[in-house]
Amino acid sequence: MGQQFKGLAERHIRFIEAQKLFFVATATADSRVNLSPKGMDSLRVLGANRVAWLNVTGSGNETAAHLQSHPRMTLMFCAFEGPPMILRLYGQARAIHLQDPQWPLLEPLFPALPGARQIFDMEIDMVQSSCGMSVPFFDYVGERDQLNQWAEKKGPDGIRKYWHERNQQSIDGIATGIADKNG
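Here we summarise the structure given alongside this text. (Residues numbered from 1 in each chain as written. Predicted model: local features only at pLDDT ≥ 70, side-chain atom pairs only at ≥ 80, totals over all residues. Heavy atoms only, no water.)

Within the protein chain, the regular secondary structure consists of 5 helices and 8 strands. Taken from the N to the C terminus, the helices and strands of the protein chain come in the order β-α-β-β-β-β-α-β-β-α-β-α-α. Its C-alpha radius of gyration of 16 Å places the protein chain within 12% of the 16 Å reference for a compact globule of 183 residues. By residue count, 45% of the 183 residues in the protein chain fall in the buried class. Within the protein chain, residue pairs in contact and separated by at least 24 positions form 71% of the contacts whose partners lie at least 6 positions apart. Carbon and sulfur atoms form 53% of the exposed surface of the protein chain, whose accessible area is close to 10000 Å². (Helix = DSSP H or I, 4+ residues; strand = E, 2+ residues; numbered from the N terminus. Rg over C-alpha atoms; globule rule 2.2 N^0.38 Å. Buried < 20%, exposed > 50% of the residue type's maximum accessible area, 1.4 Å probe, protein only. Contact = heavy atoms within 4.5 Å. Areas by Shrake-Rupley, 256 points an atom, 1.4 Å probe, with all protein chains shown as cover.)

The following block contains the structure:
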């Protein structure tokens, strides 16, 4: 089971800030569980019980769809170098869109990324650490640039068109509201 904590300790925050990759999982009561890898320096620790991460346009929009009815979220970090550890954050999250009043408060915390579509703001109710001794070592080579290049080539109007055409529903047919919420 590992160790459980009510919030992030300083050692957890240092561990999170050193990671190049994290995973996010969400689901509704009857949808598929969505599990996605995230990178691009897109996560910020805002306190012992709060994190936020910037979401860029991709092929789906499952997380935003799920949070509308079931705001639970799990984030997982793994040590791929150094001492072994797995760190999970459990909590409730909400999607903040470009037109929401919170957007201009949170958006400056992140690097400017083309295709940014939401910031997920998560209140942590439990932190769990476990050994991670079976996680293999990997060397970090660098960030992939293809998604940024794709979004820059599309431009803001092309990204909005993509949201209308490809990000309106989850794989289970749940409306995401991306076009209405982001203009």
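Having seen the structure, we can now continue with the description.
Overall, the coordinates contain 5 aromatic pairs when judged by the stated rule. On the basis of an interplanar angle of 35° and a centroid distance of 4.7 Å, the ring pair of Trp53 and Phe120 is categorised as tilted. Placement of the pair is Trp53 in strand S5 (residues 50–56) and Phe120 in strand S8 (residues 116–130), with a sequence separation of 67 residues. Taking 4.9 Å as the distance between ring centres and 80° as the angle between the ring planes, the aromatic pair formed by Trp150 and Tyr162 counts as edge-to-face. Residue class for Tyr162 comes out buried when judged on its relative accessible area of 11%. Through a chain of ring-to-ring contacts, the aromatic side chains of Phe22, Trp53, Phe77 and Phe120 assemble into a single cluster. (Phe/Tyr/Trp six-rings, centres within 6.5 Å; stacked < 30°, edge-to-face > 60°.)

What follows concerns the pattern of salt bridges. A side chain with one charge can pair with a side chain of the opposite charge if their charged atoms come near. A full pass over the atoms with the stated rule returns 5 salt bridges. A salt bridge links Asp172 to Arg32; the shortest N-O distance between them is 2.2 Å. Residue Asp172 is located in the loop between helix H4 (146–166) and helix H5 (178–182), and its partner Arg32 is located in the loop between strand S2 (22–26) and strand S3 (34–38); the two are separated by 140 residues in the primary sequence. A salt bridge links Arg44 to Asp41; the shortest N-O distance between them is 3.1 Å. Sharing partners across several salt bridges, the network here consists of Arg50, Arg94 and Asp121. (Salt bridge = Lys/Arg side-chain N within 4 Å of Asp/Glu carboxyl O.)

Generally speaking, a soluble globular protein has its nonpolar side chains buried in company with each other. In terms of nonpolar packing, the biggest core is built from 24 residues, with Leu8, Trp53, Met73, Leu75, Phe77, Leu87 and Leu89 touching the most fellow members. When residues of this core are traced back to their parent elements, those giving at least two are helix H1 (10–18), S2, S5, helix H2 (62–67), strand S6 (72–78), strand S7 (86–97) and S8. Per-element accounting of this core gives the leading share, 4 residues, to S8. Counting 11 residues, the second-largest nonpolar core is a separate cluster that includes Leu54, Val56, Phe110 and Ala116. (Core = buried A, V, L, I, M, F, W, Y, C linked by side-chain atoms within 4.5 Å.)

This part takes up the pairing of S6. Bridge analysis of S2 against S6 gives 3 bridges, and the strand direction is antiparallel. Residue pairing for S6: Val24 is matched across the bridge by Leu75. As judged from the 7 bridges shared by S6 and S7, these two strands associate in the antiparallel manner. The partner of Met76 across the bridge, within S7, is Arg88. (Pairing = 2+ DSSP bridges.)

Okay, the environment of Ala151 next. Among the structural elements, Ala151 can be located in helix H4. By relative accessible area, Ala151 is classed as buried at 4%. For the pair formed by Ala151 and Arg11, sequence separation is 140 residues and the distance between their alpha carbons is 35 Å. Once residues within four sequence positions are removed from consideration, Ala151 is found in contact with Pro114, Gly115 and Ile159.

The subject of this paragraph is H4. Here H4 contains 21 residues, and its C-alpha end-to-end distance of 18 Å is more than 12% below the 30 Å for a straight helix at 1.5 Å per residue. Along H4, the helix axis deviates most sharply at Gly155, where the bend reaches about 105°; the proline Pro156 sits within four residues downstream. The inward-facing, buried residues of H4 contact S8 and H5. (Expected span 1.5 Å × (residues − 1). Bend = angle between axes of the 7 residues up to and from the residue.)

Of the residues making up H1, those classed as buried are His12, Ile13, Phe15 and Ile16. For H1, the arc enclosing every buried residue in end-on projection is 160°, short of the 170-degree limit, so these residues lie on one face. Against the buried residues of H1 lie strand S1 (3–5), strand S4 (43–47), S6, S7 and S8. (Arc of directions from axis to C-beta.)

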